[in-house]
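A closer look at the structure
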Amino acid sequence: MDDAPDLPRIAALLADPARAKIVWSLIGCATRPAGELAYCANISAQSASGHLAKLVRGGLLAAEVQGRHRYFRIANPEVAEVIEAMASLGVVSQARAPRPPLPSPAVPAEFLHARTCYEHLAGKTAVKILESMLKGRWLVPDGRDFTVTVLGERKLGALGVDLAQALASRRVFARTCVDLTERRAHLGGALGEALLRIYVERGWILRQRRSRVVHITPRGRESFSELFGA
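For the structure given in this document, a descriptive report is provided here. (Residues numbered from 1 in each chain as written. Predicted model: local features only at pLDDT ≥ 70, side-chain atom pairs only at ≥ 80, totals over all residues. Heavy atoms only, no water.)

What to know about the packing of helix α7 (residues 124-135) against helix α11 (residues 218-228)
At a minimum axis separation of 9 Å, α7 and α11 run at an interaxial angle of 30°. Taken together, α7 and α11 sit at an angle that is classed as roughly parallel. For the pair α7 and α11, the contacting residues are Thr 125, Lys 128, Ile 129, Ser 132 and Met 133 in the first and Phe 224, Leu 227 and Phe 228 in the second. The residue inventory of the contact of α7 with α11, partitioned by class, reads five nonpolar, two polar and one charged. (Axes fitted to C-alpha atoms, helices over the stretch in contact; angles between N-to-C directions. Helix = DSSP H or I, 4+ residues; strand = E, 2+ residues; numbered from the N terminus. Parallel < 35°, antiparallel > 145°, perpendicular 65-115°, else oblique. Contact = heavy atoms within 4.5 Å. Nonpolar A, V, L, I, M, F, W, Y, C, P; charged D, E, K, R; others polar.)

Considering the sheet that holds strand β1 (residues 32-33)
The three strands lie next to each other as β1-β3-β2, forming an open sheet whose pairing is antiparallel. At either end of the open sheet lies a strand with only one pairing partner, and these are β1 and β2 (61-66). Alignment of β2 against strand β3 (residues 69-74), held across six bridges, turns out to be antiparallel. For Val 65, the partnering residue across the bridge sits in β3 and is Arg 70. Where helix α4 (residues 45-57) meets the sheet, its contacts fall on β2 and β3, and the angle it forms with β2 comes to roughly 115°. (Pairing = 2+ DSSP bridges.)

Describing helix α10 (residues 189-201)
With 13 residues, α10 extends 19 Å from end C-alpha to end C-alpha; this agrees with the ideal 18 Å at 1.5 Å per step. Burial in α10 covers these residues: Gly 189, Ala 190, Leu 191, Gly 192, Ala 194, Leu 195, Leu 196, Ile 198 and Tyr 199. Just beyond α10, the residue with positive phi is Gly 203, at close to 75°. (Expected span 1.5 Å × (residues − 1). Buried < 20%, exposed > 50% of the residue type's maximum accessible area, 1.4 Å probe, protein only.)

Quick look at the packing of aromatic side chains
Tallied over the full model, the rule gives five aromatic pairs. Through pairs of rings, three or more aromatic residues link up here, namely Trp 138, Tyr 199, Trp 204, Phe 224 and Phe 228. (Phe/Tyr/Trp six-rings, centres within 6.5 Å; stacked < 30°, edge-to-face > 60°.)

With respect to the pattern of salt bridges
Counted under the stated rule, the structure contains eight salt bridges. A salt bridge links Glu 182 to Arg 184; its shortest N-O distance comes to 3.1 Å. The buried category is assigned to Glu 182, whose relative accessible area is 16%. Residue class for Arg 184 comes out partly exposed when judged on its relative accessible area of 38%. In the salt-bridge network here, residues are joined through shared partners; they are Glu 131, Glu 182 and Arg 184. (Salt bridge = Lys/Arg side-chain N within 4 Å of Asp/Glu carboxyl O.)

Geometric descriptors of this kind do not, in isolation, establish any biological role.
In structure tokens:
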């Protein structure tokens, strides 16, 4: 088909182990210099230069010049989301669930703790929040999705969630999203997006420019602990 997406080109860019390591080392960071990326991929600076050029031409990375140095970052949030989704697919498609790996030195601790994923919250905090909602019977599983209970309607309404608006969204309402680093579920869909928006509006979470890592404020830590034990 002439209008088929250009999947082979993207797959070819990520099929090389060195390029895959370079991209993955940038998943939780704003920018990194070429020399640091070469170290992360365990390749020479010359080899890294060639790989980085291909990734920039392919639209997966963007380069910035600062003085005599070049810094690289994930090209845009859509690329970051696709990379993490592909990594999650590798986890769930295995015959048996692997043990969670130790955090890589290339991935900041803040990325593991709290970050965005498709405009909802991900990371250790998000996993604990969903577990608390299920244990407290705010939500009940319905296959891959979740249904809000009467208690959940009251609790979410008290938080300021407009359930009618979330239900009317063209997106799925509330769905399991396998957390890449925790190997457990966090909450996705329109409900997850609405909750993240409330966390930001209430000053519980601060988003960072050009990064999916989010900062949980002291007020947020207190509120998450009180509501969800997170």
